[in-house]
Amino acid sequence: MENLFDTKQNIIDQLKDAEDRLTNAKAELKQRENELWLNTQFKELGYTNDDTRRAYVNHETTELRVNEEMIRNEVTMLKRELNLCDDKIKLFSF
C-alpha cells in the first residue's frame with residue numbers, strides 16, 4: 001500500500017512538471033506565431049493576404065505545435081495514470 005502512495009506522488013510530480021512544460025510550450029508557440037504574423041517582410045516573401053500569411057505561420061510553427069501536442073498527450077496520460085493509481089488505492093484500502 002505504501003508503494004502505491006509513492007507511485008501516486010511520483011505521478012503527481014511528473015504531472016506538475018509536464019503541465020509546466022505545456023504552459024511554456026504554449027507561450028513559446030504563441031510568441032513565435034505573433035512574431036511571424038507581425039513580420040514586416042511578408043510582402044517581400046510574397047505573402048500578401050491573411051490566408052497565405054496564416055499558411056506561412058502554420059508552416060513555420062509546425063515543430064512547436066507538434067511539441068505542444070506531445071506534451072498535451074503526456075499530461076493526459078499522466079492524469080489517467082493518476083486516476084488508475086487512485087482507484088487501486090481505494091480498492092486496497094477496504
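Structure shown above.
Just so it is clear, the structure is predicted and the values come from calculations on it, not from any experiment.

Calculation criteria
Residues numbered from 1 in each chain as written. Predicted model: local features only at pLDDT ≥ 70, side-chain atom pairs only at ≥ 80, totals over all residues. Heavy atoms only, no water. Helix = DSSP H or I, 4+ residues; strand = E, 2+ residues; numbered from the N terminus. Rg over C-alpha atoms; globule rule 2.2 N^0.38 Å. Contact = heavy atoms within 4.5 Å. Expected span 1.5 Å × (residues − 1). Buried < 20%, exposed > 50% of the residue type's maximum accessible area, 1.4 Å probe, protein only. Salt bridge = Lys/Arg side-chain N within 4 Å of Asp/Glu carboxyl O. Polar contact = N/O pair within 3.5 Å; in protein donor to acceptor, adjacent residues only side chain to side chain. Core = buried A, V, L, I, M, F, W, Y, C linked by side-chain atoms within 4.5 Å.

Considerations on the overall build of the protein chain
Each helix and strand in the protein chain was counted, giving four helices and zero strands. Whereas a compact globule of 94 residues would reach a radius of gyration of roughly 12 Å, the protein chain reaches 20 Å, over 25% beyond that. With the C-alpha coordinates aligned to their principal axes, the bounding extent of the protein chain is approximately 70 × 15 × 15 Å. Looking at the protein chain alone, contacts between residues at least 24 apart form 75% of all its contacts between residues at least 6 apart.

Looking at helix α1 (residues 2–37)
For α1, spanning 36 residues, the distance from its first C-alpha to its last is 52 Å, which sits close to the expected 52 Å at 1.5 Å a residue. All of the buried residues along α1 are Leu-4, Ile-11, Leu-15, Ala-18, Leu-22, Ala-25, Leu-29, Glu-33 and Leu-36.

Side note on the pattern of salt bridges
Side-chain pairing between opposite charges can occur once the charged atoms of the two side chains come close. A full pass over the atoms with the stated rule returns six salt bridges. When the shortest N-O distance is used, the salt bridge between Lys-8 and Asp-86 registers 2.8 Å. Of this pair, Lys-8 sits in helix α1 while Asp-86 sits in helix α4 (residues 62–92); the two residues are 78 residues apart in sequence, bridging distant segments of the chain. Judged by its relative accessible area of 22%, Asp-86 is partly exposed. With its nearest N and O atoms 3.1 Å apart, the salt bridge here joins Asp-17 to Arg-21. Within this pair, Asp-17 and its partner Arg-21 are both found in helix α1, separated by four residues, close to a single helical turn.

Observations concerning the side chain of Glu-68
Within the secondary structure layout, Glu-68 lies in helix α4. Among the polar contacts listed, one links the side chain of Glu-68 to the side chain of Arg-72, at a separation of 2.6 Å. Each residue touching Glu-68, except ones within four places of it in the same chain, is listed here: Leu-22, Ala-25, Lys-26 and Leu-29.

So, the nonpolar core
Counting residues in each nonpolar core, the largest one holds twelve residues, listed as Leu-4, Ile-11, Leu-15, Ala-18, Leu-22, Ala-25, Ile-71, Val-75, Leu-78, Leu-82, Cys-85 and Ile-89. Elements represented by at least two residues in this core include exactly α1 and α4. For Leu-4, the residues in contact, after removing those within four places along its chain, are Cys-85, Lys-88, Ile-89 and Phe-92.

A short note on the environment of Arg-72
Locating Arg-72 in the fold gives a position in helix α4. Spatially, the C-alpha atom of Arg-72 lies 9.7 Å from that of Ala-25, the residues being 47 residues apart in sequence. Those residues in contact with Arg-72 that lie beyond four places of it in its chain are Leu-22 and Lys-26.

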